[in-house]
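Each chain, letter by letter, is given below.
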Amino acid sequence: MAGLRPLRPVARPMPQSSRPDSGPNRASAVLGEDRQARRALPLLLLGAVLIAFAPVFVKLSALEPTATAFYRAALAWPVLMAVALASARRASTGPRRSRPETLRDHLMLAVPGLAFAGDLGCWHWALQFTSVANSTVLANLAPVFVTAGAWALFGQRPTWLFVAGLLTALGGVGLLMADSLSVGAPGQIVGDGLGVVTAVFYGAYILGIGWCRSRFPTAVVMAWSTLHTAWVLLLVSLLAGESLAIPTLYALSILIGLAWLSHVGGQGSIAFALAHLPPAFGSVSLLLQPAVAAILGWLILSEPLTPLQAVGGIVILCGIVVARRGSAHQTGVAARPSNPARDPSSA
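What counts and how
Residues numbered from 1 in each chain as written. Predicted model: local features only at pLDDT ≥ 70, side-chain atom pairs only at ≥ 80, totals over all residues. Heavy atoms only, no water. Helix = DSSP H or I, 4+ residues; strand = E, 2+ residues; numbered from the N terminus. Buried < 20%, exposed > 50% of the residue type's maximum accessible area, 1.4 Å probe, protein only. Contact = heavy atoms within 4.5 Å. Areas by Shrake-Rupley, 256 points an atom, 1.4 Å probe, with all protein chains shown as cover. Patch = residues over 30% accessible without salt bridge, like charges linked within 9 Å, V, L, I, M, F, W, Y side chains within 5 Å. Salt bridge = Lys/Arg side-chain N within 4 Å of Asp/Glu carboxyl O. Phe/Tyr/Trp six-rings, centres within 6.5 Å; stacked < 30°, edge-to-face > 60°. Axes fitted to C-alpha atoms, helices over the stretch in contact; angles between N-to-C directions. Parallel < 35°, antiparallel > 145°, perpendicular 65-115°, else oblique. Left-handed = near helix turned anticlockwise from the far one by under 90°. Nonpolar A, V, L, I, M, F, W, Y, C, P; charged D, E, K, R; others polar. Core = buried A, V, L, I, M, F, W, Y, C linked by side-chain atoms within 4.5 Å. pLDDT = per-residue confidence, 0-100. Polar contact = N/O pair within 3.5 Å; in protein donor to acceptor, adjacent residues only side chain to side chain. Expected span 1.5 Å × (residues − 1).

A few points about the overall build of the protein chain
Then, number 1: Helix and strand counts for the protein chain stand at 14 helices and zero strands.
Then, number 2: Of the regular secondary structure in the protein chain, the N- to C-terminal order runs α-α-α-α-α-α-α-α-α-α-α-α-α-α.
Then, number 3: Across the 347 residues that make up the protein chain, the buried fraction comes to 49%.
Then, number 4: Expressed as a percentage of contacts within the protein chain between residues at least 6 apart in sequence, the contacts between residues at least 24 apart total 90%.
Then, number 5: Summed over all atoms, the accessible surface of the protein chain reaches about 16500 Å², with 68% contributed by carbon and sulfur.

Some details on a nonpolar patch on the surface
Then, number 1: On the surface, a nonpolar cluster with roughly 660 Å² of combined accessible area is contributed by Leu-60, Tyr-250, Ile-295, Trp-298, Leu-299, Ile-300 and Leu-305.
Then, number 2: By residue number, the principal contributor to the nonpolar patch is helix H13 (residues 288–300), which donates four residues.

A few points about the packing of aromatic side chains
Then, number 1: Taken as a whole and judged by the stated rule, the model has four aromatic pairs.
Then, number 2: Within the aromatic cluster, the residues linked to one another by ring pairs are Phe-116, Tyr-202 and Tyr-205.

Focus on the packing of helix H8 (residues 160–177) against helix H14 (residues 307–326)
Then, number 1: Relative orientation of the contacting elements H8 and H14 amounts to 165°, with a least axis distance of 7 Å. Relative to H14, the element H8 is oriented roughly antiparallel. In terms of crossing hand, the pair formed by H8 and H14 is left-handed. The residues of H14 that touch H8, namely those facing Leu-161, Phe-162, Ala-164, Gly-165, Leu-166, Thr-168, Ala-169, Gly-171, Gly-172, Val-173, Leu-175 and Leu-176, are Leu-308, Gln-309, Val-311, Gly-312, Gly-313, Val-315, Ile-316, Gly-319, Val-322, Ala-323, Arg-325 and Gly-326.
Then, number 2: A breakdown of the residues in the contact of H8 with H14 according to their chemical character gives 14 nonpolar, nine polar and one charged.

Examining the nonpolar core
Then, number 1: Grouped together as the largest cluster of nonpolar side chains are 69 residues, with contacts concentrated most on Tyr-202, Tyr-205, Ile-206, Ile-270, Val-284, Leu-286 and Ile-316.
Then, number 2: In terms of residues, this core owes the most to one element, helix H4 (residues 65–91), which gives nine residues.
Then, number 3: With sequence-adjacent residues up to four places away left out, Ile-270 is seen in contact with Leu-44, Gly-47, Ala-48, Ile-51, Tyr-202, Ile-206 and Leu-286.

So, the pattern of salt bridges
Then, number 1: For the structure on display, the rule yields one salt bridge.
Then, number 2: Arg-215 is paired through a salt bridge with Asp-105; the nearest N and O atoms lie 2.9 Å apart. One end of the pair, Arg-215, is in the loop between helix H9 (188–212) and helix H10 (218–239); the other, Asp-105, is in helix H5 (residues 103–129), and 110 residues separate them in sequence.

Regarding the confidence of the model for the protein chain
Then, number 1: Averaged over every residue, the pLDDT of the protein chain is 77; residues scoring 70 or more account for 76%.
Then, number 2: When mean pLDDT is taken per element in the protein chain, H10 scores highest with 93 and helix H1 (residues 23–33) scores lowest with 40.

With respect to the environment of Ala-204
Then, number 1: One can find Ala-204 in helix H9.
Then, number 2: Separated by 59 residues in sequence, Ala-204 and Phe-145 have C-alpha atoms that sit 8.0 Å apart.

Points about the side chain of Arg-213
Then, number 1: Summarising the element assignment, Arg-213 is placed in the loop between H9 and H10.
Then, number 2: Within the structure, the side chain of Arg-213 is placed 2.8 Å from the side chain of Thr-218, a separation counted as a polar contact.
Then, number 3: Within polar-contact distance, the side chain of Arg-213 engages the backbone oxygen of Ala-271 at 3.4 Å.

Here's the deal with helix H7 (residues 142–154)
One turn of the α-helix equals 3.6 residues, which is why residues spaced by three or four share an orientation.
Then, number 1: Taking 1.5 Å of rise per residue, the 13 residues of H7 would be expected to cover 18 Å, and the 17 Å separating its terminal C-alpha atoms lies within 8% of that figure.
Then, number 2: One or two positions beyond H7, positive phi appears at Gly-155, with a value near 70°.

Let's talk about the environment of Phe-272
Then, number 1: Of note, Phe-272 is situated in helix H11 (residues 249–273).
Then, number 2: Residues Phe-272 and Arg-39, 233 residues apart in the sequence, show an inter-C-alpha distance of 9.4 Å.

Let's talk about the side chain of Thr-226
Then, number 1: By the secondary structure assignment, Thr-226 is in helix H10.
Then, number 2: Reaching out from Thr-226, the side chain makes a polar contact with the backbone oxygen of Met-222 at a distance of 2.6 Å.
Then, number 3: At 2.9 Å, the side chain of Thr-226 forms a polar contact with the side chain of His-263.
Then, number 4: Ignoring anything within four residues of it in the chain, the contact list for Thr-226 reads Ala-73, Trp-77, Leu-80 and His-263.

So this is what it looks like as structure tokens:
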């Protein structure tokens, strides 16, 4: 008996549901306890509000549509690059890279830039063949493509509650534009087709931004992707024979507002949020944009705002709330909790 060793209690593995780094508990850590994640949803909604100013600026612009889109990216790029360079020292010791170092890095950052250039280019061409309402409704099909892409590429399978919220929000967009929808206009099938292509490109942009944010800080993603957007739109504008001359200081101020408010502020906020939220839910939340744009059109451009549009805005908000509940246990593309004290590049 003296030679027998006392039995030691065997540590049993924790059940999958109780492990702190798996399943819903892990999602709660990412979306609830992480300080950066708690800021993600308000920043995403702020981004949706800021980019809602874009159609107002475009309507007020004295330049052709593609030239206006080029200046949106070109005037935003110096600001974004300055922020990226200023944050490089702070982010140099973090897990994310402070600048692209390899060909793969450059190609990775080119994906959202090229997708956004395609989004803007197709959107502006769609307006030449179909109504603003038709192109807006079709362009806002982007969440459908984002949801499918997030499932296929990142394994983020949507819940039925999320799908219900998505369909509700899309229905709200339809109500918002119902009074202006048209059918059978000359060349409309081309414009409507370009509206759907716009949605595909914007879906690719949302997924690309979320993917790049898993490797680079927000400022780096925005600076380098915007550079790719700018040169593509410049090439398209020159091929289309559009003038790039800015006629007045007022025209310049409109372009600066479009670049700094909608692109730097709006798209920058969205890029940060997509590192901490599911891409599919992020795209649904951006359906708030047409509702805000309708309000801004009423306030600034004196465009009519009907009761049906007000109902559509409320339905969109309800859909976003339902989709948020349906995506509570999903995380962003960079599906890991970040520690702000140890990750200086999480901004």
